[in-house]
Amino acid sequence: MKVVTILGLVKEGEKPPIYRYGDRLKDSYSLKRERYVNMLPLLIDNFGVQDVVPIFTLPAKDVQTKVLEKELQNKHNEIFKDKNFIDDENDFYSILRIINDVTSGNEEYIIDLTHGFRHIPILATISLISQSLNNTDKIKHIFFAKEIVAREEYEIIDLKEYLELANMSYVLESFNYNYTVALVSKFKNKNFRDLTSQLSTISNHILSNSLKALNNDVGKILNNIDFILKNEQIETFKSSLEDIRLHIMELQQIGKEKDSIKFYRMSKILNSKGYLLNAITLLFEAIGHYCAESFECFSVDIKAHINDFKKNKKFNTYDLTHESRTFVKRMELKNRVYLTKYGDMVYDDIKNKLESIKTLGNFRNFIQNAEKLRNNLAHGNASERIEDSKLELSNLLDKYNLFCVQQNILGNKI
């Protein structure tokens, strides 16, 4: 394990202050003595000179070698490697490269930010955040000697928990933006681990259009969010978490709607996130559900007929909605499974009812246009620009709202 430390300057002649580990570290570490001039001799004395890797400027090296000679009776010049030397304090990219190189690889490390000069700890923090998105496990601790009594007493604390807060904030913002869950490494905080896993599951359900599976998980995630919101430390991402909570509650409410509305509302949401193929697929399914639900309202016999099929283990909702939507679109069916009984009684009843709707032609054109856009997007958007597809999808969603919600053209009362 490496112990990386960023060196700073120190005033000579002052009495060495007292150092102690904070509550989160004292059970795992102890110090050989309580007084050190600064963190460099403390780290070498307690972790071993072979594991300490300083990042330094020339003035910092000159001062710190004197400290080591006085504290440990050895300048330990061997630890000051040229590759970790900061030649220009104002060359931010060079400093960032040095920090990245020292902390790269698979080896576990502790990094100490206590004495870094001005902007250098900030650059180190940026490096840690970017690296931790891929693998926070190799960052064992982020040491910082917190001043308890000025120049007299310091408490060594671990800032890694704040790194987890930054990562959790990134996860939440990614989910809020487009339902993706950033591939961050495993959190130590169990609630963060659970929430990330649950968000990932929700994301998979939504982006695979598995709306029934979605209903099974929203309750768990709301409970976990409520628990995390009680933690005062999450203030940095409280707003994002509350936004997600409200949206999950919206999804929970959508899950209680009848299928024609459920699929329509989810289509609107996915369209707003830019998932056009998912959105048009759900809208097309919403049309099928609307037609099937409406048929059940046409007569008691039709409803009973469809319900008989629903009791059969081989019943397939997709086939029913497909057949219902196709019937409305073409006003005929060559292969009938669900919409026939006792000869053509059910088929004829539905056809007669549809033919009595004077404005049905507009609705049929709407179905055909929705099918055309779905096929176009499913086959790589070969015939239209994506900007045109976005506009057309928005128009189709508006027409669904007009035909199926406001006008309820088929008389769906389910």
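Residues numbered from 1 in each chain as written. Predicted model: local features only at pLDDT ≥ 70, side-chain atom pairs only at ≥ 80, totals over all residues. Heavy atoms only, no water.

Before going further, it helps to examine the nonpolar core. Membership of the largest hydrophobic core comes to 77 residues, with the highest contact counts inside it found for Phe-295, Leu-354, Phe-363 and Leu-410. Considering every element that reaches this core, the biggest residue donor is helix H11 (residues 276-298), with 13 residues. In contact with Leu-354, other than residues within four places in its own chain, are Phe-295, Phe-298, Val-328, Met-331, Leu-360 and Leu-410. Grouped together as the second largest cluster of nonpolar side chains are 25 residues, Tyr-19, Ile-44, Phe-56 and Ala-60 included. (Core = buried A, V, L, I, M, F, W, Y, C linked by side-chain atoms within 4.5 Å. Buried < 20%, exposed > 50% of the residue type's maximum accessible area, 1.4 Å probe, protein only. Helix = DSSP H or I, 4+ residues; strand = E, 2+ residues; numbered from the N terminus. Contact = heavy atoms within 4.5 Å.)

Our next topic: unusual backbone geometry. Here the phi dihedral of Asn-209 falls at roughly 60 degrees; this positive angle occurs in a residue that is not glycine. Looking at the element boundaries, Asn-209 is found in the loop between helix H6 (190-207) and helix H7 (211-215).

Here a ring pair, both rings aromatic, is described through the centre-centre distance and the interplanar angle of the planes. The final tally for this structure, using the stated rule, is 19 aromatic pairs. Both rings, one in Phe-56 and one in Phe-80, keep their centres 5.2 Å apart while their planes meet at 90 degrees; by these two values the pair is edge-to-face. Of the two residues, Phe-56 sits in the loop between strand S3 (52-55) and helix H2 (58-72) while Phe-80 sits in the loop between H2 and helix H3 (92-103), which places them 24 residues apart along the sequence. With respect to burial, Phe-56 and Phe-80 carry one shared label: buried. Ring centres of Tyr-264 and Tyr-400 lie 4.8 Å apart, and the angle between their planes is 25 degrees; on these two criteria the pair is classed as stacked. Placement of Tyr-264 in helix H10 (residues 259-272) and of Tyr-400 in helix H16 (residues 386-406) is noted, with a sequence separation of 136 residues between them. Each member of the pair, Tyr-264 together with Tyr-400, is buried. (Phe/Tyr/Trp six-rings, centres within 6.5 Å; stacked < 30°, edge-to-face > 60°.)

Per the counting criterion, the structure on display carries one cavity of 30 Å³ or more. Approximately 30 Å³ is the volume found for the largest cavity. In terms of lining residues, the largest cavity is bounded by Leu-211, Leu-214, Asn-215, Leu-251, Ile-254, Gly-255, Lys-262 and Met-266. Residue assignment for the lining of the largest cavity shows that the elements contributing at least two residues are H7, helix H9 (238-254) and H10. (1 Å grid on protein atoms, 1.4 Å probe; cavity = no way out; pocket = protein on both sides within 12 Å on 5 of 7 lines; lining within 4 Å. Points joined across faces, edges and corners; volume = space filled by probe spheres on them.)

Regarding helix H12 (residues 300-310), the residues found buried are Ile-302, His-305 and Ile-306. Down the axis of H12, the sector holding all buried residues measures 90 degrees, keeping them to one side. Packing partners of the buried residues in H12 comprise H11, helix H13 (317-330) and helix H14 (345-355). (Arc of directions from axis to C-beta.)

On to the layout of surface pockets. Regions of empty space are outlined by a rolling probe, equal in size to a water molecule, passed over the atoms. Roughly 440 Å³ of internal volume is contained in the largest pocket. Ranked by the residues each element gives to the lining of the largest pocket, the list is headed by H2, at five residues. Of the residues belonging to the lining of the largest pocket, the class tally is nine nonpolar, three polar and nine charged. Looking at the second largest pocket, its volume works out to about 310 Å³. Residue lining of the second largest pocket: 13 residues in total, with Arg-24, Lys-160, Glu-161, Glu-164 and Lys-188 positioned closest to the centre. For the lining of the second largest pocket, the element with the most residues is helix H5 (residues 160-178), which contributes four residues. (Nonpolar A, V, L, I, M, F, W, Y, C, P; charged D, E, K, R; others polar.)

A word on the sheet that holds strand S1 (residues 2-6). Reading across from one edge, S2-S6-S5-S4-S1-S3 is the order of the six strands in this open sheet, with mixed pairing throughout. Of all the strands in the sheet, the pair left with one neighbour each is strand S2 (18-21) and S3. On average, each strand axis in the sheet is inclined to that of its neighbour by 25 degrees, with strand direction left out of account. Across four bridges, the pairing between strand S4 (residues 109-112) and strand S5 (residues 139-149) is parallel. Directly across from Ile-111, in S5, lies its bridge partner Ile-142. (Pairing = 2+ DSSP bridges. Axes fitted to C-alpha atoms, helices over the stretch in contact; angles between N-to-C directions.)

Moving on: the pattern of salt bridges. Evaluated as defined, the whole model comprises 14 salt bridges. Across the pair Lys-262 and Asp-259 runs a salt bridge, and its minimum N-O distance is 3.3 Å. Here Asp-259 and Lys-262 lie together in helix H10, a separation of three residues that amounts to about one turn. With a relative accessible area of 6%, Lys-262 lands in the buried category. Judged by relative accessible area, Asp-259 falls into the partly exposed class, the value being 23%. We note a salt bridge from Glu-296 to Lys-303, for which the minimum N-O separation is 3.5 Å. You can call Glu-296 buried: its relative accessible area is 8%. Taken together, the salt bridges that share partners define one network made up of Arg-20, Glu-153 and Glu-155. (Salt bridge = Lys/Arg side-chain N within 4 Å of Asp/Glu carboxyl O.)

Our next topic: the environment of Cys-404. The residue Cys-404 is located in helix H16 in this model. Exposure remark for Cys-404: the relative accessible area of 7% places this residue in the buried category. Note: C-alpha distance between Cys-404 and Ser-260 (144 residues apart in sequence) is 8.7 Å. When sequence neighbours within four positions are dropped, the list of residues in contact with Cys-404 reads Tyr-290, Phe-363 and Lys-399.

Their axes nearest at 9 Å, the elements H9 and H10 cross at an angle of 150 degrees. Considered as vectors, H9 and H10 are oriented roughly antiparallel to each other. Within the contact between the two elements, H9 uses His-247, Glu-250, Leu-251 and Ile-254 and H10 uses Lys-262, Arg-265, Met-266 and Ile-269. For the contact of H9 with H10, the residue count by class is four nonpolar, one polar and three charged. (Parallel < 35°, antiparallel > 145°, perpendicular 65-115°, else oblique.)

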